Amino acid sequence: MNTTILAALVPGLPLLGAIVIAALRRSLKGNSAGLLGTLAIGSAFALSVMLFLGHDPAAGPYTAHLFNWIDIGGMHIPFAFQVDALSLTMMLIVTGVGTLIHLYSIGYMHDDARVSTFFALLNLFTFAMLLLVMGANYAITFIGWEGVGLCSYLLIGFWYTNPAYNYAARKAFVMNRIGDLGFVLGLAWLFNVTGSLTFTEVFDRVAGLGPDVLTGITLLLFVGAIGKSAQLPLFTWLPDAMAGPTPVSALIHAATMVTAGIYLIVRSSVLFELAPFTQDVVLYTGLVTALVAATIGVFQNDIKKVLAYSTVSQLGYMFVALGLGAYSAGMFHVTTHAFFKALLFLGAGSVIHALGGEQDIRRMGGLKGAIKVTHLTFLLGTLAIAGIPPFSGFFSKDAILANAFDRSPVLYALLLGGALITTFYMFRLYFLTFWGAYRGDKHPHESPAVMTVPLLVLAVLSVVGGLLNLPHVFGGHEPMKHFLAHAADGIGAERLHLEASTEWMLMGLSTALVVLVIALAHGRFAKKATLDPEADELPFLPRLLARKWYLDELYERLFEKPYGWLSTMFHRVGEGWVMVPLMNGAGRLTQRAGQVLRLAQTGNMSFYLFAMVAGIVVFLLMTLYGR
Amino acid sequence: MQYLFYLFAAISVLSGLFVVTARNPVNSVIALIVCFLSIAGHYILLNAQFLAMVQVIVYTGAIMVLFLFVIMLLNLNNSTEPQKTLLTRIAAVVAGGVFLLTLLAATRQGVEIAAANPADASVGLVSHVGMALFKDFLLPFEVSSVLFLSAMVGALMLGKKEKVAA
Amino acid sequence: MEPVVTAIRQVPLEHYVALSFILFSIGLTGALFRRNTIIILMCLELMFNSVNLLLTAFSAHHSDPGGQVFVFFTMLVAAAEVTVGLAILVMMKRNVDSVDINQLNRLKG
């Protein structure tokens with residue numbers, strides 16, 4: 001098979017799966033929908049592996065041209081896929097992790113009545129995500145961008161009978177739309193100045209542009225990335241998005257969709273390299289988000305909410321890496337994060353499954369004996385995210401920290417602090433869930449093999465994922481960085497000037513502190529038998545954090561209330577005083593006129609004849625004298 | 001030649017007036033036949049021989065006979081003749097007069113025939129009209145057969161006795 | 001053949017126009033004047049014929065056969081119209097037992 005057909009089949013199979021499952025959703029019984037969906041994604045993964053093995057990074061990107069999509073005047077947008085190191089990395093993550101999550105979902109969604117719809121949507125999401133990462137131009141990427149937003153909305157609101165879930169879905173959609181608007185404006189501007197949306201052409205042409213134009217474009221693209229990747233100020237939708245089924249949280253809101261913003265910036269690294277101001281904005285946005293989200297995570301009591309804030313925080317780290325120009329470190333963290341965060345979410349799902357739907361960690365505890373596989377894998381995931389060597393999170397986080405230290409020690413200190421908070425709340429979660437005495441009332445039971453096997457696979461990946469980009473000090477030679485360097489020009493420009501001894505020292509410091517924090521968390525939470533109070537009963541500072549820095553309330557005051565007031569005013573003034581009288585007036589006028597005019601319809605033929613003659617005479621006179 | 005025109009003109013106007021004023025519908029039909037024959041005479045004066053024949057055969061021969069036939073069928077005569085009030089009649093005459101005046105006023109500056117084709121005496125002959133009909137106007141001619149078919153079907157539908165509670 | 005054309009054009013076109021206007025007005029007046037539907041139909045025929053006459057006169061004076069072909073088509077339409085009109089008349093007589101046009105006042109608004 002040639003590469004073009006392979007590349008077309010990778011997103012094609014999930015689309016086919018979505019269509020087939022959606023069409024047959026009433027006749028598919030039991031696990032057949034799940035098996036079909038998993039098969040589609042699994043085949044796409046196999047094809048991605050084939051593409052990966054057949055790809056020669058040194059030969060540059062391969063463009064799979066399918067057909068001309070838009071061809072109007074000076075606008076030529078082909079429907080084409082670009083196969084290069086970056087898109088291959090993302091494809092492998094999306095399809096690989098996606099396959100495991102599909103498999104897991106067979107067990108998790110077993111009892112749901114709309115399981116076929118669920119798998120159709122999940123396949124559709126995978127299709128859109130592949131479109132996003134494989135598109136050879138911004139337009140295709142944008143289709144995927146919108147597609148994942150739509151699927152995210154549909155899957156968050158999957159249990160649509162609950163109004164709160166619907167509200168969460170709507171919130172996610174609206175916040176994504178705000179970002180999408182920035183993205184679209186950026187694309188329009190980009191097309192205006194370069195005359196093309198194809199990546200290779202755009203990157204060839206941007207060099208001559210002024211710094212102001214580039215700063216504007218990259219800022220707009222970054223707004224799009226903020227919306228999709230849940231950064232300040234648009235991150236509040238992601239924790240609410242936990243309303244969706246847990247596999248959805250794992251796939252969309254941890255492993256793949258939320259990294260679309262990272263992908264976009266890495267893909268556009270040429271542009272961002274030319275706009276230093278935007279890079280700083282990216283850096284500080286990521287930094288503030290990482291810290292704010294981490295502090296909020298400490299006081300959450302919902303197992304999925306903790307993971308959600310952790311996701312936001314980790315995404316912040318990735319943006320910090322991008323802002324520092326360390327694109328390979330960002331992509332490395334995307335990859336390892338996809339492994340361990342998917343693992344943690346699926347583990348959380350397994351816990352929830354084991355307790356029959358319980359999500360509050362205050363009613364868990366002591367589960368490590370009851371659900372052994374879940375406990376083991378969850379522990380591995382927690383160690384990975386905390387950054388204990390030699391787990392994958394250690395290497396990827398360390399790469400970011402090292403780059404930060406290279407820029408400034410203050411930045412390093414802040415990021416390290418964030419990492420320690422991460423360790424603290426993750427181990428709080430772990431200890432409260434699995435240690436101590438059981439505080440709930442349901443009988444826990446281990447999940448079936450179809451759910452635990454993906455957990456084990458992801459656990460292995462979380463442990464060894466660091467080998468993908470083993471740094472020099474450990475005897476590796478950063479294979480992922482060199483692989484990606486062929487795809488994104490920005491990576492080639494990365495420079496890290498650190499002595500090996502400095503690196504050893506930094507690693508030692510962070511590891512020691514992390515272990516210390518784990519011990520602290522163990523002391524506070526491992527033997528906990530009492531329940532934490534509700535958020536309202538906490539003292540001021542913890543209450544501030546538990547209430548998410550009152551960000552939701554702030555947005556409500558700042559945007560929702562004025563907007564609602566404006567809408568009410570428009571309704572009262574515009575609708576009540578102008579439009580309604582106008583409309584009703586037009587209607588009444590027509591009625592009155594009709595009542596008068598119907599008198600003319602006498603039904604008398606002779607009268608009609610007279611009227612007709614009179615009309616003809618009038619017309620003749622008009623043509624005669626009317627000129 | 002001109003005298004023949006004025007003769008025929010007088011006949012058509014007088015018979016036309018009689019059509020309107022006659023109390024008995026049969027008399028009206030007879031007067032209309034006379035009027036149409038005089039118009040056929042006008043056609044001959046204009047060298048429109050084909051039209052003159054068609055006028056005699058189709059109008060006086062077929063259509064007016066159809067009128068007569070319907071009058072017989074419905075048994076119309078003086079006694080069944082509805083009458084309008086005097087006021088309506090005066091109004092009708094005034095309206096017709098105003099209409100005529102308006103038309104005449106519209107053409108009071110004369111009629112323009114500047115763009116006339118070169119004189120051709122064979123214009124009204126059957127062969128000439130036939131050539132025009134079957135070459136330049138073939139499609140309308142053929143389409144008119146559809147018109148006739150629909151008229152026929154319509155007449156049949158209307159003439160059929162309605163079934164009770166169909 | 002020239003004498004024929006000269007003979008035709010001895011009568012000025014204005015006279016034909018006037019004659020056809022007079023006939024048309026008579027037909028129109030008749031249509032307003034009478035209540036008998038069949039007479040009104042006949043008046044319509046009279047109006048048709050006045051227009052035909054005018055067309056033929058112009059055609060002869062312009063030496064253009066198109067006008068006469070048009071008259072032919074007018075006759076065609078008139079024939080079809082009379083067929084349907086008389087059928088309606090028969091039905092009217094059958095339904096309201098009258099040919100008075102004022103009986104047809106059911107379309108009152």
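Residues numbered from 1 in each chain as written. Chains lettered and ligands numbered in written order. Predicted model: local features only at pLDDT ≥ 70, side-chain atom pairs only at ≥ 80, totals over all residues.

1. Description of the overall build of chain C
Helix and strand counts for chain C stand at 4 helices and 0 strands. Helices and strands appear in chain C in the N-to-C order α-α-α-α. Within the span of chain C, comprising 109 residues, buried residues form 56% of the whole. (Helix = DSSP H or I, 4+ residues; strand = E, 2+ residues; numbered from the N terminus. Buried ≥ 20, exposed ≤ 12 C-beta atoms within 10 Å, placed from the backbone.)

2. Quick notes on the overall build of chain B
Secondary structure assignment for chain B yields 6 helices and 0 strands. Helices and strands appear in chain B in the N-to-C order α-α-α-α-α-α. Taking all 166 residues of chain B together, the buried fraction comes to 28%. Within chain B, contacts between residues at least 6 apart in sequence are counted, and of these 56% link residues at least 24 apart. (Contact = placed C-beta atoms within 7 Å.)

3. Some points on the interface of chain A and chain C
Contacts between the two partners involve 10 residues from chain A and, on the opposite side, 11 residues from chain C. Of the residues contributing to the side of chain A that touches chain C, the split by class is 4 nonpolar, 5 polar and 1 charged. (Nonpolar A, V, L, I, M, F, W, Y, C, P; charged D, E, K, R; others polar.)

4. Description of the interface of chain B and chain C
Counting residues at the interface gives 71 residues for chain B and 65 residues for chain C. At the level of elements, helix H1 (2–21), helix H2 (25–45), helix H3 (49–74), helix H4 (86–106), helix H5 (126–135) and helix H6 (138–159) of chain B are the ones that each hand at least two residues to the side of chain B that touches chain C. Split by residue class, the side of chain B that touches chain C holds 51 nonpolar, 16 polar and 4 charged.

5. Points about helix H2 (residues 13–33) of chain C
Three or four residues apart is the spacing at which side chains of an α-helix point the same way, because the helix has 3.6 residues per turn. Between its terminal C-alpha atoms H2 of chain C stretches 30 Å, which fits the 30 Å expected from 21 residues at 1.5 Å a residue. With 17 of its 21 residues buried, H2 of chain C lies for the most part within the structure. (Expected span 1.5 Å × (residues − 1).)

6. What to know about unusual backbone geometry
Between Leu-232 of chain A and Pro-233 of chain A the backbone carries a cis peptide bond, its omega angle lying at 0°. Structurally, Pro-233 of chain A can be placed in the loop between helix H8 (211–229) and helix H9 (237–240). Unusually for a residue other than glycine, Ser-63 of chain C sits at a positive phi of about 55°. Position of Ser-63 of chain C among the secondary structure elements: in the loop between helix H3 (37–62) and helix H4 (65–96).

7. A closer look at the packing of helix H25 (residues 605–625) of chain A against H4 of chain B
For any two helices packed against each other, the geometry comes down to the angle between their axes and how far apart the axes lie. Two elements in contact, H25 of chain A and H4 of chain B, have axes separated by 10 Å at closest approach and are oriented at 20°. Considered as vectors, H25 of chain A and H4 of chain B are oriented roughly parallel to each other. The hand of the H25 of chain A/H4 of chain B crossing is left-handed. Every residue of H4 of chain B that contacts H25 of chain A at Ser-606, Phe-610, Val-613, Val-617, Leu-620, Leu-621 and Leu-624 of chain A is listed here: Thr-88, Ala-91, Ala-95, Val-98, Phe-99, Thr-102, Ala-105 and Ala-106 of chain B. (Axes fitted to C-alpha atoms, helices over the stretch in contact; angles between N-to-C directions. Parallel < 35°, antiparallel > 145°, perpendicular 65-115°, else oblique. Left-handed = near helix turned anticlockwise from the far one by under 90°.)

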